[in-house]
Amino acid sequence: MDRRKFIQYSAAGVALAATANQAISAEHVTMNERFINKELNITSEIDVLVVGGGTAGTIAAIQAGRAGAETLLVERGSQLGGTATTGGVAFPGLFHAWGKQIISGIGWEMVRDTVLLDGGTLPDFSMEINNTTVRHWRHQVHVNQFIYALLAEEKCEEAGVEIAYYEFPESITKTAEGWQVDCLGFGTKRSVLCRQIIDCTGGAEVTGMLNLPRLRKEETQPGSMLFKLDNANNPGRANGPGPGLLDAIYVHGAISANSRTVTAANLTGRKAILEKVRKEKKRLMHMQPETAFRESYRIEGETIITVDDYTSGRVFDDAICYAFYPVDLHTKEGVKPEPLKKGIVPTIPLSALVPKGSSNILVAGRCVSSDRLANSGLRVQAPCMAMGQAAGAAATLAVRKKITPLEVPLNNIKELLVQNGAIVPNF
Ligand SMILES: Cc1cc2nc3c(=O)[nH]c(=O)nc-3n(C[C@H](O)[C@H](O)[C@H](O)COP(=O)(O)OP(=O)(O)OC[C@H]3O[C@@H](n4cnc5c(N)ncnc54)[C@H](O)[C@@H]3O)c2cc1C
């Protein structure tokens, strides 16, 4: 019996049918057979494994795929984009500094294409940030988080990247060729044999599993749970009809280290929102499915970027991308961004993406090797995307040449990045 007939035969048939017709689309789509595997145990033999399909990981995987590496992207959640989509921080920045574009490439392509498909507008980047009348956030690009997640999947598919949602690494063993990474999902056990790993989990979780050194202070920046009371969410719009920006509630102590800490952050954030709804007697119109995390572990890399490196705009010998944002540390008292001095554009070296003493693993994203204050500026989305692209390029060349990413001639990495639209310091 089809659904429509069942509803008509049910006791409250007429009312239910009307509700169902309003709520359920009549469109039909069919799943890709490739994913329908009845086996519990799966083996994937690939070149590059990207763990974490968030802000950095999506870009890393697309770059590796476009450069010809067989790439698998393992994501514990249900969609790509991470903090930019699931966390609802859908205003990536900053791609421009002092009147010039400093970050481009695949991240910029994602952001631009999202705005274009959504009929949105880019900020006026010719308007120079002066930290008084034009604050840094005027250069953040407001993207529709839903379109961003859809385009991320499309671009992965076009690049030949395989996506594995609801999976995460359970154990990792070094092999003669690279790594064996055993992943778990519900109803799935996947054994991944790969040459290179890129850890884009936000909190360097893979690096932690390998007992490589990580950094974390007792105090960490709060996370935030994003929601909207009273007015409908207007995704991808800062202004215009209806309020565009979501509201946010700080979740102090939120770290993304494991399922228990993420559970605790979500419970705490949602409880606070429920209290707010009761107190303010307003309708809850929108709520992100997960807390957005600002800080947990950073790696201790071959190079650690210090706040002096950051604020002086040190150009590292092995710089592979730029970054630009105020020093932006959130505490229990809130945040007071400290703008960079006029003309300063910090750089990120490849060696800050390499866990100290490791080979064949890179990180990208907010877990970049840096002290807390430098990290408070480096962690924003445009540099996370640029790091992702650099890691994807370095890992792919390392596979091709059968060497470690740090052994790949730097100019080869830079060439590949520039071919893929990136902006590279000193090149
Ligand atoms: C409230 C808030 C406001 C912010 N404001 C701005 C802003 O205005 N502009 C800006 O540009 N940036 C902003 N940021 C910073 C920026 O959004 C993040 O630092 C950045 O998106 C982090 O990117 P990432 O790739 O490192 O991590 P994420 O985007 O968080 O991605 C990590 C991914 O890894 C997955 N994952 C984690 N562990 C595992 C595992 N073991 N196995 C598989 N998958 C795993 C996660 O599910 C997630 O998808 C803000 C951040 C927060 C929290």
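Details of the structure are given in the entry above.
Quick caveat, the model's predicted, so the values are computed rather than measured.

Novice: Just give me the short version of the pattern of salt bridges, but keep the residues and values in it.
Specialist: Per the stated rule, a full pass over the model turns up 17 salt bridges. Residue Asp113 pairs with Lys155 through a salt bridge whose shortest N-O separation is 2.7 Å. Highlighted residues: Asp113 in helix 4 (residues 105-117) and Lys155 in helix 5 (residues 145-158), separated in sequence by 42 residues. Note on accessibility: Asp113 and Lys155 belong to one class, buried.

Novice: Which residues make up the site of the ligand, and what are the values?
Specialist: Close to the ligand lie 33 residues; Thr55, Glu75, Thr83, Gln140 and Arg379 are nearest. Interatomic distance of 3.0 Å between a backbone N/O atom of Gly93 and an oxygen atom of the ligand. When the ligand sits alone it has 1,000 Å² of accessible area, and the protein chains cover 91% of it. Those elements that provide at least two residues to the shell around the ligand are helix 3 (55-66), strand 3 (71-75), strand 7 (168-174) and helix 10 (381-401). Class assignment of the residues belonging to the shell around the ligand gives a composition of 14 nonpolar, 13 polar and six charged.

Novice: How would you explain the packing of helix 4 against helix 5 if you had to name every residue and give the values?
Specialist: At a minimum axis separation of 9 Å, helix 4 and helix 5 run at an interaxial angle of 125°. In terms of orientation, helix 4 lies oblique with respect to helix 5. Helix 4 and helix 5 meet at a crossing whose hand is right-handed. Where helix 4 approaches helix 5, its residues Glu109, Met110, Val111, Asp113, Thr114 and Leu117 are matched on the opposing element by Ile147, Tyr148, Leu151, Ala152 and Lys155. Per-class residue counts for the contact of helix 4 with helix 5 are seven nonpolar, one polar and three charged.

Novice: Can you lay out the environment of Val141 for me, pointing to particular residues and giving the numbers?
Specialist: Turning to its location among the elements, Val141 is positioned in the loop between helix 4 and helix 5. C-alpha of Val141 to C-alpha of Ser256: the two residues are 115 residues apart in sequence and 25 Å apart in space. Not counting residues up to four positions away in its chain, the partners in contact with Val141 are Ala90, Phe91, Pro92, Phe95, Trp108, Val111, Val115, Leu122, Pro123 and Phe125.

Novice: Mind laying out the environment of Arg66, listing which residues take part and the relevant values?
Specialist: By the secondary structure assignment, Arg66 is in helix 3. For the pair formed by Arg66 and Gly160, sequence separation is 94 residues and the distance between their alpha carbons is 7.6 Å. Among all residues touching Arg66, those that are not within four sequence positions of it are Ile106, Glu109, Lys155, Ala159 and Asn420.

Novice: I'd love a proper account of helix 3, names of residues and values included.
Specialist: With twelve residues, helix 3 extends 17 Å from end C-alpha to end C-alpha; this agrees with the ideal 16 Å at 1.5 Å per step. In terms of burial, helix 3 is largely enclosed, as eleven of its twelve residues are buried. Looking at helix 3, one finds that the buried residues are Thr55, Ala56, Gly57, Thr58, Ile59, Ala60, Ala61, Ile62, Gln63, Ala64 and Gly65. Directly after helix 3, the chain includes Gly68, whose backbone phi takes a positive value near 100°.

Novice: I'd like a rundown of the nonpolar core, residues and numbers included.
Specialist: Among the nonpolar cores identified, the biggest contains 83 residues, and Ile348, Leu353 and Ile413 are the most heavily contacted of them. Setting aside residues no more than four positions away along its own chain, Leu353 makes contact with Ile299, Ile320, Ile348, Ile361, Leu362, Val363, Val368, Met387 and Ala391. Ile46, Val74, Ala164 and Val206 belong to the second-largest nonpolar core, a separate cluster that totals 16 residues.

Novice: Outline unusual backbone geometry, supporting the account with residue identities and numerical values.
Specialist: In this structure, the amide linkage connecting Gly93 to the following residue, Leu94, adopts the cis form with an omega of -15°. Looking at the element boundaries, Leu94 is found in the loop between strand 3 and strand 4 (96-97). The phi torsion at Asp230 lies on the positive side, around 75°, for a residue other than glycine. In this model, Asn360 sits at a positive phi of 65°, which is unusual for a non-glycine residue. The buried category is assigned to Asn360, whose relative accessible area is 15%.

Conventions we followed
- Residues numbered from 1 in each chain as written.
- Predicted model: local features only at pLDDT ≥ 70, side-chain atom pairs only at ≥ 80, totals over all residues.
- Heavy atoms only, no water.
- Salt bridge = Lys/Arg side-chain N within 4 Å of Asp/Glu carboxyl O.
- Helix = DSSP H or I, 4+ residues; strand = E, 2+ residues; numbered from the N terminus.
- Buried < 20%, exposed > 50% of the residue type's maximum accessible area, 1.4 Å probe, protein only.
- Near = heavy atom within 4 Å.
- Polar contact = N/O pair within 3.5 Å; in protein donor to acceptor, adjacent residues only side chain to side chain.
- Areas by Shrake-Rupley, 256 points an atom, 1.4 Å probe, with all protein chains shown as cover.
- Nonpolar A, V, L, I, M, F, W, Y, C, P; charged D, E, K, R; others polar.
- Axes fitted to C-alpha atoms, helices over the stretch in contact; angles between N-to-C directions.
- Parallel < 35°, antiparallel > 145°, perpendicular 65-115°, else oblique.
- Left-handed = near helix turned anticlockwise from the far one by under 90°.
- Contact = heavy atoms within 4.5 Å.
- Expected span 1.5 Å × (residues − 1).
- Core = buried A, V, L, I, M, F, W, Y, C linked by side-chain atoms within 4.5 Å.

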